[in-house]
Amino acid sequence: MAHELPPLPYPQAALEPHIDALTMEIHHGRHHKAYVDNLNKAIAGTPLESKSLEALIGDLASVPDNIRGPVRNNGGGHWNHSFFWKLMGPGKGGAPSGDLAAAINAAFGSFDDFKAKFEAAGIGRFGSGWAWLVVNGGKLEIASTPNQDSPVMGKAISGIDGKPILGVDVWEHAYYLKYQNKRADYLKAFWNVVDWSAVAALYAAAK
Ligand code: MN3
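The structure displayed is predicted, hence computed values, not measured ones.

**Here's the deal with the overall build of the protein chain**
Okay, so step 1: Of the regular secondary structure elements, the protein chain holds nine helices and three strands.
Okay, so step 2: Counting from the amino terminus, helix and strand elements in the protein chain follow one another as α-α-α-α-α-β-β-α-β-α-α-α.
Okay, so step 3: Over its C-alpha atoms the protein chain spans a radius of gyration of 17 Å, differing by no more than 12% from the 17 Å that the globule rule assigns to 207 residues.
Okay, so step 4: With the C-alpha coordinates of the protein chain rotated into their principal frame, the extents come out at 50 × 40 × 30 Å.
Okay, so step 5: By the burial criterion, 48% of the 207 residues in the protein chain qualify as buried.
Okay, so step 6: Counting contacts in the protein chain only where the partners sit at least 6 residues apart, residues at least 24 apart contribute 68% of the total.
Okay, so step 7: Per element, the accessible surface of the protein chain, about 9300 Å² overall, is 54% carbon and sulfur.
Okay, so step 8: Averaging the locations of the 19 positively and 20 negatively charged side chains of the protein chain gives two centres separated by 2 Å.

Given below as structure tokens:
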């Protein structure tokens with residue numbers, strides 16, 4: 001079955017004023033949709049059509065050379081965005097609690113220190129990409145990837161060991177309409193929409 005664009009789990013305007021409705025409309029309806037459409041095009045008529053998205057981008061080595069690039073970029077784009085939408089929501093933000101809060105304090109010193117290091121990973125990603133919080137051997141780590149590379153592609157591709165539990169898109173298309181070149185302001189605003197209960201559930205499953 002062809003891969004499909006998942007619906008946004010909330011209205012396009014739900015993350016206002018932190019992420020504006022027009023950005024969400026274009027980001028989900030055009031950018032994410034293009035990744036899905038181009039992934040389907042790349043694998044059309046091949047045995048890869050029957051693989052799940054995770055299985056497909058988790059084993060890029062088995063993808064034929066002539067379509068590996070498109071599958072990496074568009075499959076990664078599809079997975080990364082599907083993940084990103086689910087970890088935000090209206091009326092979210094605040095701070096994590098319980099085991100996740102303890103793990104953040106253990107790994108980074110404090111929640112504020114974590115936020116500063118995560119923002120620095122996003123700001124420091126030259127060009128387009130993502131910043132990630134991953135669980136590696138039970139420990140939390142911050143990482144980043146270029147383009148649409150993803151921790152779920154494995155270490156050989158992404159350079160990252162571990163399972164992602166939070167990610168933020170730092171491509172200009174994620175913030176330019178509202179924040180122009182001020183990626184740092186967008187990253188600060190991102191904390192107002194993070195769904196920490198969703199992140200905590202991923203942490204509990206991954207640790
Ligand atoms: Mn994007």
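**Structural notes on the pairing of strand E3 (residues 163-169)**
Okay, so step 1: With respect to burial, E3 is a largely interior element, six of its seven residues being buried.
Okay, so step 2: Two strands pair when backbone bridges link them, and strand E1 (residues 129-136) and E3 are joined in this way by six bridges, in the antiparallel orientation. For Val134, the partnering residue across the bridge sits in E3 and is Pro164.

**Details of the coordination of the manganese ion**
Okay, so step 1: The manganese ion binds to the protein through His27 (NE2), His81 (NE2), Asp169 (OD) and His173 (NE2); the donor distances cover 1.9 to 2.1 Å.
Okay, so step 2: Within one chain, the residues serving as donors to the manganese ion are arranged as H-x53-H-x87-D-x3-H. Here Asp169 lies in strand E3 and His27 lies in helix H1 (residues 21-43), a separation of 142 residues in the sequence.
Okay, so step 3: Taking the relative accessible area as the measure of exposure, His27 reaches 2% and is therefore buried.
Okay, so step 4: The exposure class of Asp169 is buried, given its relative accessible area of 0%.

**Some points on the domain arrangement of the protein chain**
Okay, so step 1: Each assigned domain of the protein chain is listed here: domain 1 (21-86) and domain 2 (98-206).
Okay, so step 2: With 19 residues of domain 1 at the interface, the matching set in domain 2 holds 23 residues.
Okay, so step 3: Interface of domain 1 and domain 2: buried area, both sides summed, is about 1700 Å²; carbon and sulfur atoms make up 65% of it.
Okay, so step 4: Remark: the boundary between domain 1 and domain 2 carries one salt bridge.
Okay, so step 5: Of all the elements in the fold, those that place two or more residues in the side of domain 1 that touches domain 2 are H1 and helix H3 (65-86).
Okay, so step 6: By residue number, the principal contributor to the side of domain 1 that touches domain 2 is H3, which donates ten residues.
Okay, so step 7: Tallied by class, the residues present in the side of domain 1 that touches domain 2 amount to eight nonpolar, nine polar and two charged.

Cut-offs applied
Residues numbered from 1 in each chain as written. Predicted model: local features only at pLDDT ≥ 70, side-chain atom pairs only at ≥ 80, totals over all residues. Heavy atoms only, no water. Helix = DSSP H or I, 4+ residues; strand = E, 2+ residues; numbered from the N terminus. Rg over C-alpha atoms; globule rule 2.2 N^0.38 Å. Buried < 20%, exposed > 50% of the residue type's maximum accessible area, 1.4 Å probe, protein only. Contact = heavy atoms within 4.5 Å. Areas by Shrake-Rupley, 256 points an atom, 1.4 Å probe, with all protein chains shown as cover. Lys, Arg positive; Asp, Glu negative; His and termini not counted. Charge placed at Lys NZ, Arg CZ, Asp CG, Glu CD. Pairing = 2+ DSSP bridges. Donors = N, O, S within 2.8 Å, 3.2 Å for Na, K, Ca; no water. Domains from an automatic or database assignment. Buried area = accessible area lost by both parts, 1.4 Å probe. Salt bridge = Lys/Arg side-chain N within 4 Å of Asp/Glu carboxyl O. Nonpolar A, V, L, I, M, F, W, Y, C, P; charged D, E, K, R; others polar.

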